[in-house]
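# Geometric and topological summary
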Amino acid sequence: MSKLEIKDFRVSIGDKPIVKGFNLTINSGEVHAIMGPNGTGKSTLAKAIAGHPDYAVTGGDVLLDGKSVLAMEPDERARAGLFLAFQYPSEIPGVSIANFLRAAVQARMAEGEELDATGYYKRLYSKMDLLKIDRKFTSRSVNEGFSGGEKKRCEILQMAMLEPKFALMDETDSGLDIDALRIVADGVNALRGGQLGIMLITHYQRLLDYIVPDFVHVMYDGRLVKSGDKSLALELEAKGYDWVKQELAAASA
Amino acid sequence: MSVSTPTAAVGAFTREVFEAHLARVKHLPAWWRERKRAAYERFASLPMPRRTDEGWRFSQLGGLSLDGYHLPAAADYDRSGHAELGVPGAGTLLFANNRLAMQEPLSGAAARSGIVFDTLQNALVHHEDLVRTHLLAQPNRLGSAKFAALHEAFIEDGAFVYVPAGVEAALPVGVFHYARGAGAAVFPHTLVIAEERAKVTVADFFRSVPADPTSAQLACGGNDLYAGHGAQITYLAIQDWNRATLSFQFNATVARRDARVLSLNLHAGARQARHESFSQLQAPGAHSEMLALTVAHGTQEFDQRTLQIHQAPSTSSNLLYKNALLDQAKTIFSGLIVVDPDAQKTDAYQSNRNLMLSDDAEAHSLPGLEIQANDVRCTHGATSARIDREQEFYLESRGIRAAQAQELLVFGFFEEVIGKIEHPQLHDRLTEIIREKFRT
């Protein structure tokens, strides 16, 4: 069992505070949906946990199995078991998916240990089959010229290959049509449970029809303001985010 | 009244040294002796490049001194340090300090088909007319007349590749030039002649033994690529001299009707390396693909000058030079496309792309066009960019260490060029050498 604890986490971009005291604990096997209006700090939260250099952590801590990750470089955090599924994955011209994933798998092996190429491809192909990704994909450059759906499937493929302890999935549903959404959701559902904990960031309830969360949290103005089970997502869908804002305003009045 | 003339320095290459060189060359037909003498006179009378010479803009002139070198004695080569071409059965010529040290002949079938892969020395005996017609037949037009003359004056031996009409060489051939010992001056040359519809792949490798970066050497080499009607030449050159070496490489490519020449130069070694590449598209349908990759480390300077001349209608050329710069390294690219008045329907492209991996590195680009025809398509461009931070973060977020991420991104940047080498083993060999370079 692993545990990801985000404690009073505060993040700024430049001088502007974006995440303002975020608290959440995720255990292995759990799926936590983070919902909230645009501009409320959801993506910043995910990227800061992954160690993006543009975000300054100004307070709090992120503990993976009791150990702070904040002093670690992004690659160390990844090897420790964090995985960020990007909302807008970068295109890497000239680097094939096979070579890219191979480097990522190799990075997790001990110094001097050789990757077993046959075993690697066998595993890669089985994960690709699971995600209905054509094998020709392996020789294509990472994300270059991919459709929105292909990019997101490629993110899930990486997640499947790297077997993180915790996945931070940033707006995985954005830019997907319903068929692509189904394939991506099937992939995530096949990986969920067991050793994987998921933070699923989304603006829309739609994704949660396909990936049913164990917990739903509402993020507003840089922190969590409401938590519940999957019924909270439905309530949000019915009442809209203004309902949360009004509740907050009433509480602080 | 006296007029002060700029010094026409000869450095270590005095008349006595030249005469000693002539005396040493085994086979020296009269015409070749005369050409070498004329070349020496040109070398001795031409001034060293000056600050005001357009062809040397941005170059560090202080590093061009010819003092302190010598024509080296015969040397063995260190078999343990010699990396093979990586293609089993391919012909090999290996030169150490300008002399043949090892030869693996072509297979019987290749030899029976009329392909000749031999030393220039032997070619001067057995194929004298071909050598006379094609060896250094094109003028130096890119600023190095003095050093090109030095090259011609001091060539002792080199590689001769001849493919007769209609013959396709099944395997590439490999030419290795080793410079051994401090102060050694080497003058490699490769002459490739592909007759009508012939096809051949040639790889030149240039290395110092030992790779000890304190043993300054001088390498002044060249290649002539002549592609006849419908012929195809693929030429790969890997310049990996030690980091104290002053290197010159002069290329002259001639493409006849419907011929295709692809040349790819990897620049990895030397302290200061000047590369001049000159393509002439002489008849309709001719195409020249001019490619280069540079990995510039430390305080290395790579100075690349190119000329694409379209002399006939419906010719095309495509130049793509990609440089990765680290540390305080410096690159210069100066390219010119010339389209003659009757070369209508020319399609010419020229691009220099620089990937800056350090804030202290310096990349200069001087692209140029000179178009005298009115129905042409010519484009040129130069870019310099740093590694994209989002790409870097993306790779690192997958657990890939920063150094490895950088290497992957450099390979990604180079892939567009590396990918043009279709031969799988040569492709792998090239990749391997770049990787080695990147890790040292």
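Every chain's residues receive numbers from 1 upward, in the order its sequence appears when written. Both sets of labels track the order of writing: A upward for chains, 1 upward for ligands. Local features in a predicted model are, by the rule used here, given only for residues with pLDDT of at least 70; side-chain atom pairs are given and counted only at 80 or more, and totals for whole chains, interfaces and linings are based on all residues. Excluded from the side-chain calculations are hydrogens and water; all other atoms, namely the structure's heavy atoms, are used.

Residues and elements named next belong to chain A. Note: two strands are recorded as paired if DSSP finds a minimum of 2 bridges between them. Numbering of helices and strands runs from the N terminus; a helix is a DSSP stretch of H or I covering at least four residues, while a strand is a stretch of E covering at least two. Here we have 4 strands laid out as an open sheet, ordered 2-1-4-5, and antiparallel in their pairing. For this open sheet the edge positions go to strand 2 (16–27) and strand 5 (67–68), each flanked by a neighbour on one side alone. Relative to strand 4 (residues 56–64), strand 1 (residues 3–13) runs antiparallel, the two being bridged by 7 bridges. Opposite Glu5, over in strand 4, you have Leu63 as the bridge partner. Contact between two residues is taken to exist if any of their heavy atoms lie within 4.5 Å; hydrogens are not considered. Helix axes are fitted to C-alpha atoms over the stretch in contact, other axes to C-alpha atoms as well, and angles between N-to-C directions run from 0 to 180 degrees. Set on the sheet, helix 1 (residues 42–50) makes contact with strand 1, strand 2 and strand 4; between it and strand 1 the angle comes to about 110 degrees.

Glancing now at the confidence of the model for chain B. Taken residue by residue, chain B gives an average pLDDT of 94. The fraction at 70 or more is 98%. Per-residue confidence from the predictor is reported as pLDDT, which spans 0 to 100. Under a pLDDT of 50 for its full length, residues 1–6 of chain B has, in the predicted model, 2 contacts with residues more than four places off or in other chains.

This brings us to the nonpolar core. Nonpolar side chains in soluble globular proteins tend to be buried together. Ranked by internal contacts, the top residues of the largest apolar core, which has 124 residues, are Phe9(A), Phe22(A) and Met199(A). Take this core: its biggest share by element is 9 residues, from helix 8 (residues 402–418) of chain B. In contact with Phe22(A), not counting residues within four places along its chain, are Ile6(A), Lys7(A), Asp8(A), Phe9(A), Ile34(A), Leu45(A), Met219(A), Gly222(A), Arg223(A) and Leu224(A). In terms of nonpolar packing, the next biggest core, distinct from the first, is built from 45 residues, Trp32(B), Leu71(B), Phe147(B) and Ala148(B) among them. Buried Ala, Val, Leu, Ile, Met, Phe, Trp, Tyr and Cys residues that are joined via side-chain atoms within 4.5 Å together make up what is termed a nonpolar core. Classification of residues uses two cut-offs on accessible area relative to the type maximum, computed with a 1.4 Å probe and protein chains only: under 20% is buried, over 50% is exposed, and between them is partly exposed.

Looking now at the sheet that holds strand 10 (residues 232–240) of chain B. Residues and elements named next belong to chain B. Read across the sheet, 10 strands follow the order 2-1-5-8-10-12-14-16-18-20 without closing on themselves; strand pairing throughout is mixed. Among the strands making up the open sheet, the edge pair consists of strand 2 (99–104) and strand 20 (377–386). If you compare each strand with its neighbour and ignore which way they point, the axes differ by 10 degrees on average. Pairing between strand 5 (residues 173–180) and strand 8 (residues 199–209): 8 bridges, direction parallel. Paired with Arg180 across the strands is Val209, a residue of strand 8.

Attention shifts here to the packing of helix 3 (residues 97–107) of chain A against helix 4 (residues 117–130) of chain A. How two helices sit against one another is set out by the angle between their axes and by the gap between those axes. Residues and elements named next belong to chain A. The geometry of helix 3 relative to helix 4 is characterised by a closest axis approach of 12 Å and an angle of 115 degrees between their N-to-C directions. It follows from the interaxial angle that helix 3 and helix 4 lie roughly perpendicular. Considering only the axes of helix 3 and helix 4, their crossing is right-handed. Listed contacts from helix 4 to Ile97, Ala98, Leu101, Arg102 and Val105 of helix 3 are Ala117, Tyr120, Tyr121, Arg123 and Leu124. When residues are sorted by character, Ala, Val, Leu, Ile, Met, Phe, Trp, Tyr, Cys and Pro go into the nonpolar class, Asp, Glu, Lys and Arg into the charged class, and all the rest, Gly among them, into the polar class. Classifying every residue of the contact of helix 3 with helix 4 by side-chain character gives 8 nonpolar, no polar and 2 charged. The scheme is simple: roughly parallel for angles under 35 degrees, roughly antiparallel for over 145, roughly perpendicular for 65 to 115, oblique for anything else. By convention, the crossing between two helices is left-handed when the near helix turns anticlockwise from the far helix through less than a right angle, and right-handed when the turn is clockwise.

Let us now look at the pairing of strand 1 of chain A. Residues and elements named next belong to chain A. Inspection of the sheet shows strand 1 paired to strand 2 by 9 bridges, in the antiparallel sense. Within strand 2, the residue paired with Glu5 across the bridge is Thr25. The hairpin formed by strand 1 and strand 2 contains 2 residues between the paired strands, and Gly14 there has a positive phi angle of roughly 60 degrees.

At the interface, 20 residues of chain B touch 31 residues of chain A. The junction of chain B with chain A conceals about 2,000 Å² of combined surface from both sides, 60% of it contributed by carbon and sulfur atoms. Take the accessible area each of two parts loses on contact, using a 1.4 Å probe, and add the two losses: that sum is the buried area. Considering only the side of chain B, the residues that lose the most area to chain A are Phe393(B), Tyr394(B) and Arg398(B), jointly responsible for 38% of the buried surface there. Any Lys or Arg side-chain nitrogen located within 4 Å of an Asp or Glu carboxyl oxygen qualifies as a salt bridge. Here chain B is connected to chain A by 2 salt bridges. With its nearest N and O atoms 2.6 Å apart, the salt bridge here joins Glu155(A) to Arg398(B).

A few words now on the pairing of strand 11 (residues 215–220) of chain A. Residue and element names in this part refer to chain A. For strand 3 (residues 31–35) and strand 11, the ladder comprises 4 bridges, and the chain directions are parallel. Along strand 11, the bridge assignment pairs Ile34 with His217. In this sheet, strand 12 (residues 223–228) lies alongside strand 11 in antiparallel orientation, the contact comprising 5 bridges. Among the inter-strand pairings, Met219 is bridged to a residue of strand 12, identified as Leu224. Hairpin connection, strand 11 to strand 12: the antiparallel pair is bridged by 2 residues, and Asp221 has positive phi, about 50 degrees.

It is worth spelling out the packing of aromatic side chains at this point. Residues and elements named next belong to chain B. In this analysis, rings of Phe, Tyr and Trp, with Trp reduced to its six-membered ring, are considered paired at centre separations within 6.5 Å, and the interplanar angle assigns stacked below 30 degrees, edge-to-face beyond 60, and tilted for intermediate values. Evaluation of the coordinates by the stated rule reveals 21 aromatic pairs over all chains. When the ring of Phe13 is compared with that of Phe187, the centres are 6.0 Å apart and the planes differ by 85 degrees; the resulting orientation is edge-to-face. Placement of Phe13 in the segment before helix 1 (15–24) and of Phe187 in the loop between strand 6 (185–186) and strand 7 (189–194) is noted, with a sequence separation of 174 residues between them. Of the residues examined, Phe187 reaches a relative accessible area of 1% and is grouped as buried. Measuring from ring centre to ring centre gives 4.7 Å for Phe176 and Phe205, while their planes differ by 15 degrees; the resulting arrangement is stacked. Residue Phe176 is located in strand 5, and its partner Phe205 is located in strand 8; the two are separated by 29 residues in the primary sequence. Across the pair, exposure class does not vary: Phe176 and Phe205 are buried alike. Members of the aromatic cluster, joined through ring pairs, are Phe13, Phe18, Tyr40, Phe43, Phe154 and Phe187. Definition used: whenever NZ (Lys) or CZ (Arg) falls within 6 Å of the ring centre and also within 35 degrees of the ring normal, the charge is taken to sit over that ring. Just above the ring of Phe43 sits the side chain of Lys146; from NZ or CZ to the centre is 4.6 Å. Above the ring of Phe413, the side-chain terminus of Lys322 is found at 4.6 Å from the ring centroid.

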